[in-house]
Amino acid sequence: CDTEWGGEDMTVSAEKSYEIQDSGVLTFPEGFVWGAATAAYQIEGAAREDGRGPSIWDTFSRTPGKVHAGHTGDVACDHYHRYPDDVRIMRDLGLAAYRFSVSWPRVQPDGSGPANPRGLDFYDRLVDELRENGITPIVTLYHWDLPQTLEDRGGWTNRETAERFAEYAAITHARLGDRVETWTTLNEPWCSAFLGYASGIHAPGRAEPALGFTAAHHLLLGHGLAVQALRASGAGKVGITLNLSPVISDDAEAAAIVDGLQNRIFLDPVLRGEYPADVVEHARRFTDWSFVRDGDLEIISRPTDLLGVNYYHPQTVAARAGEPANPVYPGSEGIAFGGADAPRTAMGWPVQPFGLTDLLLRLARDYPGTPLLITENGAAFDDVVEDGEVHDVGRLSYLDGHLRAAHAAIQGGADLRGYLVWSLLDNFEWAEGYRKRFGIVHVDYGTQRRTPKDSALWYSEVVRRNGL
Ligand SMILES: OC[C@@H]1[C@@H](O)[C@H](O)[C@@H](O)c2nc(CNc3ccccc3)cn21
């Protein structure tokens, strides 16, 4: 199968676009940043402690049928109380950086107005603990836990939410900015918009295709306004994290549609200051784009210092007459998804490391000049604790293959600055609840015991060597 990029005339055979060194020691550039990533709602617990307000995920997880077995983030990994132990695990693994998200409803319980000092106090404690253990904090300001009060006013379909987000960004940076240098505004606006508002699969559970585009724009506007606020507050490095997937297809039109809806609808506004014309046209059956106001794209494309890349797998698509639309890709009638001939993770996602190389090389070619940071890459497998150990060979192999793929991209000229494994801990996997485990550290949710898996021990050695 060839890898087709929509909008850019690049057709390469995924097997021939690079050569992964399949033997010998691979060394990453000096100063390459090795770390791990988590998110507030997925690990913190303490859902009502110290003044935290409800988020859309507190509401959604309590809505019957939305989350596996009615699981919620009420307790999760109890990281709110156990963070010193978790930082100690990171230190013992030798990690250099830790990406975590700040819970907006902890900082502003109603999403606006004065800060909740006890909410900020937790992140003070966490940042200090990280720095005392030689670990660089990397903050995500928004990882899907919108304060419910803002959703009650329309959430990301309401332009005012973008303005509230910028205020929240300023408040959080004012408290932590003296000790946190690297900030990303949003985690995966594609998920927030098209899982949350277009298809109903994620919180807040709205399922109107048109709302996906409206929400996407206001998320991007919130990103731009937050970048402005962070710069005004003296922030160091600022960026955004996008989940990006190369599209594999024999049909160029299908590939262009999916690449546009998944990748270019966010990459182009942020890095080029424009929506891709083909996506604007494609979406006209759902929206007139009247939510875009003069000056918005200038705000959205304020210069940034890094692009966070979340990669898990490519999208394999094919033209198939009569295929109904995939609800997370509005207007994708006639496009069949899936069909990759590859091993699968416990999520059913294909294991195709070459997609990471192709993605990074494409970003380097089409969006040059932006340093890249892999902010998430990892895999769920059904782990078993045996005599206090977890022999997660599937995850270890996934990570090994993807690090080799990342190295190939660096060799091919990609300006990749670091890799943050998803995830440090097993955690609340959104609609899947706790039944899917992505952690390199196992969590027994009954006892909260942490057990570093074989993948963690292997990763620690990779970090120590700065290579494979
Ligand atoms: O699903 C694993 C992680 C998730 O735990 C993170 O919170 C989130 O940032 C994340 N994004 C992806 C890739 N995008 C995605 C696609 C479909 C459903 C959920 C996420 C995977 N993951």
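What counts and what doesn't
Residues numbered from 1 in each chain as written. Predicted model: local features only at pLDDT ≥ 70, side-chain atom pairs only at ≥ 80, totals over all residues. Heavy atoms only, no water. Axes fitted to C-alpha atoms, helices over the stretch in contact; angles between N-to-C directions. Helix = DSSP H or I, 4+ residues; strand = E, 2+ residues; numbered from the N terminus. Parallel < 35°, antiparallel > 145°, perpendicular 65-115°, else oblique. Left-handed = near helix turned anticlockwise from the far one by under 90°. Contact = heavy atoms within 4.5 Å. Nonpolar A, V, L, I, M, F, W, Y, C, P; charged D, E, K, R; others polar. Pairing = 2+ DSSP bridges. Polar contact = N/O pair within 3.5 Å; in protein donor to acceptor, adjacent residues only side chain to side chain. Buried < 20%, exposed > 50% of the residue type's maximum accessible area, 1.4 Å probe, protein only. Phe/Tyr/Trp six-rings, centres within 6.5 Å; stacked < 30°, edge-to-face > 60°.

Caption draft 1: Region of interest: the packing of helix α7 (residues 159-176) against helix α9 (residues 209-232). It is the contact of α7 with α9, at a shortest axis distance of 8 Å, that shows an interaxial angle of 30°. For the element pair α7 / α9, the angle class is roughly parallel. As for how α7 packs across α9, the hand of that crossing is right-handed. Of the residues in α9, those in contact with Arg159, Ala162, Glu163, Phe165, Ala166, Ala169, Ala170 and His173 of α7 are His217, His218, Leu221, Gly222, His223, Leu225, Ala226, Ala229 and Leu230. Across the contact of α7 with α9, the residue classes break down as 10 nonpolar, 5 polar and 2 charged.

Caption draft 2: Main features of the sheet that holds strand β6 (residues 182-187). Pairing is parallel around the closed barrel formed by 8 strands, whose spatial order is β3-β4-β5-β6-β7-β9-β12-β13. Across the sheet, the axes of successive neighbouring strands diverge by a mean angle of 25°, strand direction being ignored. Relative to strand β13 (residues 416-422), strand β12 (residues 372-376) is paired through 2 bridges, and the arrangement is parallel. If you follow isoleucine 374 over to β13, its bridge partner there is tyrosine 419.

Caption draft 3: Spotlight on the side chain of arginine 264. In this structure, arginine 264 sits in helix α10 (residues 252-272). Of the polar contacts made by the side chain of arginine 264, one reaches the backbone oxygen of alanine 256; its length is 3.0 Å. A polar contact is formed between the side chain of arginine 264 and the side chain of aspartate 259, at a distance of 2.8 Å.

Caption draft 4: Representation of helix α8 (residues 189-198) in the model. Buried residues dominate α8, accounting for 10 of its 10 residues. For α8, every residue scored as buried is listed here: Pro189, Trp190, Cys191, Ser192, Ala193, Phe194, Leu195, Gly196, Tyr197 and Ala198. Elements that come into contact with the buried residues of α8 comprise β5 (136-142), α6 (148-151), β6, α9, β7 (237-243) and α10. One or two steps after α8, the chain reaches glycine 200, where phi turns positive at roughly 80°.

Caption draft 5: The packing of aromatic side chains, seen in detail. All told, the structure shown has 40 aromatic pairs when counted by the stated rule. Judged by centre distance (4.9 Å) and plane angle (55°), the rings of tyrosine 275 and tryptophan 289 are tilted. In this pair, tyrosine 275 sits in the loop between α10 and α11 (277-283) while tryptophan 289 sits in the loop between α11 and α12 (296-300), placing the two residues 14 residues apart along the sequence. Residue tyrosine 275 is classed as buried on the basis of its relative accessible area, which comes to 13%.

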